[in-house]
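Survey of secondary and tertiary structure
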Amino acid sequence: MQAIGDREIKDLVNLPEMIDEEKIAIVRIASSILPAAYISSSPLFPPIAALSVKLSIEYGNTLASAACYVWYSHIVCDLLKDTETGVEFAQLAIQLTSKPDAKAFRAEVLDIGGFGII
């Protein structure tokens with residue numbers, strides 16, 4: 001993903017908090033529809049996950065970013081066949097849910113990350 005630039009995936013945990021309300025809403029909506037898009041094998045699943053990750057990288061992390069990173073890890077592993085990078089995105093998602101205010105996304109991230117990635 002070009003949005004990362006020279007940074008390492010693990011360093012994305014230190015991104016600032018997203019403050020743009022419109023971008024926050026987009027990432028939250030994306031995180032809420034990604035499970036259904038995945039289960040239904042929707043062709044929209046990869047672009048929605050990629051968009052939410054791109055917005056998180058460009059504008060900062062929000063609580064919902066963790067869910068988007070873990071869903072994106074599925075794309076990287078399954079479609080791009082890059083297991084190492086996929087695992088790094090799943091680990092990033094798990095790190096983000098270790099924050100006290102991220103409890104709402106912890107179960108989803110651990111379930112998705114543990115089910116298919118780590």
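Think of each chain on its own: its residues are numbered from 1, step by step along the sequence as written. Since the coordinates come from a predicted model, pLDDT governs what is reported: local features require at least 70, and pairs of side-chain atoms require 80 or more to be given and counted, while whole-chain, interface and lining totals use all residues. Only hydrogens and water are removed before side-chain values are computed, so all heavy atoms of the structure are retained for them.

Some words on the pattern of salt bridges
Put simply, the rule is: Salt bridges are identified by distance alone: a Lys or Arg side-chain nitrogen within 4 Å of an Asp or Glu carboxyl oxygen. In this text, helices come from DSSP runs of H or I with a minimum length of four residues, and strands from runs of E with a minimum of two, each type numbered from the N-terminal end. Buried means the residue's accessible area, taken with a 1.4 Å probe over protein chains only, is under 20% of the maximum for its type, while exposed means over 50%, and partly exposed covers the values in between.
Under the definition given, this model contains 3 salt bridges. Taking the shortest distance from any N to any O, the salt bridge between K23 and E22 comes out at 4.0 Å. The partner of K54 in a salt bridge is E58, and the shortest N-O contact between them spans 3.1 Å. Linking K54 with E58, this pair stays in helix 2 (residues 45-59), spanning 4 residues, or about one helical turn. Classification of K54 as partly exposed rests on a relative accessible area of 38%. Several salt bridges share partner residues, and in doing so they unite D20, E22 and K23 into one network.

Thoughts on the packing of aromatic side chains
As a reminder of what qualifies: The rule is short: rings of Phe, Tyr and Trp, with Trp giving its six-membered ring, pair when the centres are within 6.5 Å, and they are stacked under 30 degrees, edge-to-face over 60, tilted in between. Here, a charge over a ring means that NZ of Lys or CZ of Arg falls within 6 Å of the ring centre while also lying within 35 degrees of the ring normal.
The final tally for this structure, using the stated rule, is 5 aromatic pairs. Here F45 and W71 contribute two aromatic rings whose centre-to-centre distance is 5.8 Å and whose plane-to-plane angle is 85°, an arrangement assigned as edge-to-face. Placement of F45 in helix 2 and of W71 in helix 3 (residues 65-79) is noted, with a sequence separation of 26 residues between them. Each member of the aromatic cluster is reached from another via a ring pair, and the members are Y38, F45 and W71. We note K23 situated over the ring of Y59; from NZ or CZ to the ring centre the distance is 5.0 Å.

Examining helix 4 (residues 83-96)
Selection criterion: To estimate the expected span of a helix, count its residues, drop one, and scale the result by 1.5 Å. By arc we mean the arc of the directions from the helix axis to the C-beta atoms, nothing more.
Here helix 4 is 14 residues long and its end C-alpha atoms lie 20 Å apart, about the 20 Å a rise of 1.5 Å per residue gives. Burial in helix 4 covers these residues: G86, F89, A90, L92, A93 and L96. Buried residues of helix 4, viewed axially, fall in a sector of 155°; they line one side.

Considerations on the nonpolar core
For soluble globular proteins, nonpolar side chains are generally found buried alongside one another. Quick note on the threshold: Put simply, a nonpolar core is a bunch of buried Ala, Val, Leu, Ile, Met, Phe, Trp, Tyr and Cys residues held in one set by side-chain atoms that sit within 4.5 Å of each other. Throughout, a residue-residue contact means that at least one pair of heavy atoms, one from each residue, lies within 4.5 Å.
Counting 35 residues, the largest nonpolar core has L12, L34, Y69, V70, Y72, F89 and L92 as the members making the most contacts within it. Taken together, the elements giving at least two residues each to this core come down to helix 1 (21-39), helix 2, helix 3, helix 4 and helix 5 (103-116). L92 has contacts with I9, L12, V13 and Y69, leaving out every residue within four places of it along the chain.

Side note on the packing of helix 1 against helix 3
Note the cut-off: Orientation is described by lines fitted to C-alpha atoms, with helices fitted over the stretch in contact, and by angles between N-to-C directions that extend from 0 to 180 degrees. For classification purposes, angles smaller than 35 degrees are called roughly parallel, those larger than 145 roughly antiparallel, those between 65 and 115 roughly perpendicular, and all remaining angles oblique. Put simply, a crossing is left-handed when the front helix is turned counterclockwise from the back one by less than a right angle, and right-handed when it is turned clockwise.
Axis separation between helix 1 and helix 3 bottoms out at 9 Å; the angle between their running directions is 40°. When the axis of helix 1 is compared with that of helix 3, the two are oblique. The element helix 1 and its partner helix 3 pack so that their crossing is left-handed. Seen from helix 1, the contacting residues are V27, S31, L34, P35 and Y38; seen from helix 3, they are S65, A67, C68, W71, H74 and D78.

Topic: the confidence of the model for the protein chain
Here is the rule: Per-residue confidence from the predictor is reported as pLDDT, a score between 0 and 100.
Overall, the predicted model of the protein chain reaches an average pLDDT of 90, with 95% of residues at or above 70. For the protein chain, per-element mean pLDDT is lowest for helix 5, which scores 75, and highest for helix 2, which scores 97.

Overview of the environment of M18
Relative to the helices and strands, M18 is located in the segment before helix 1. In this structure the C-alpha to C-alpha distance between M18 and E108, which are 90 residues apart in sequence, comes to 21 Å. Filtering out sequence-adjacent residues up to four positions away, M18 remains in contact with K23, I24, V27, L55, S56, Y59, G60, N61 and T62.

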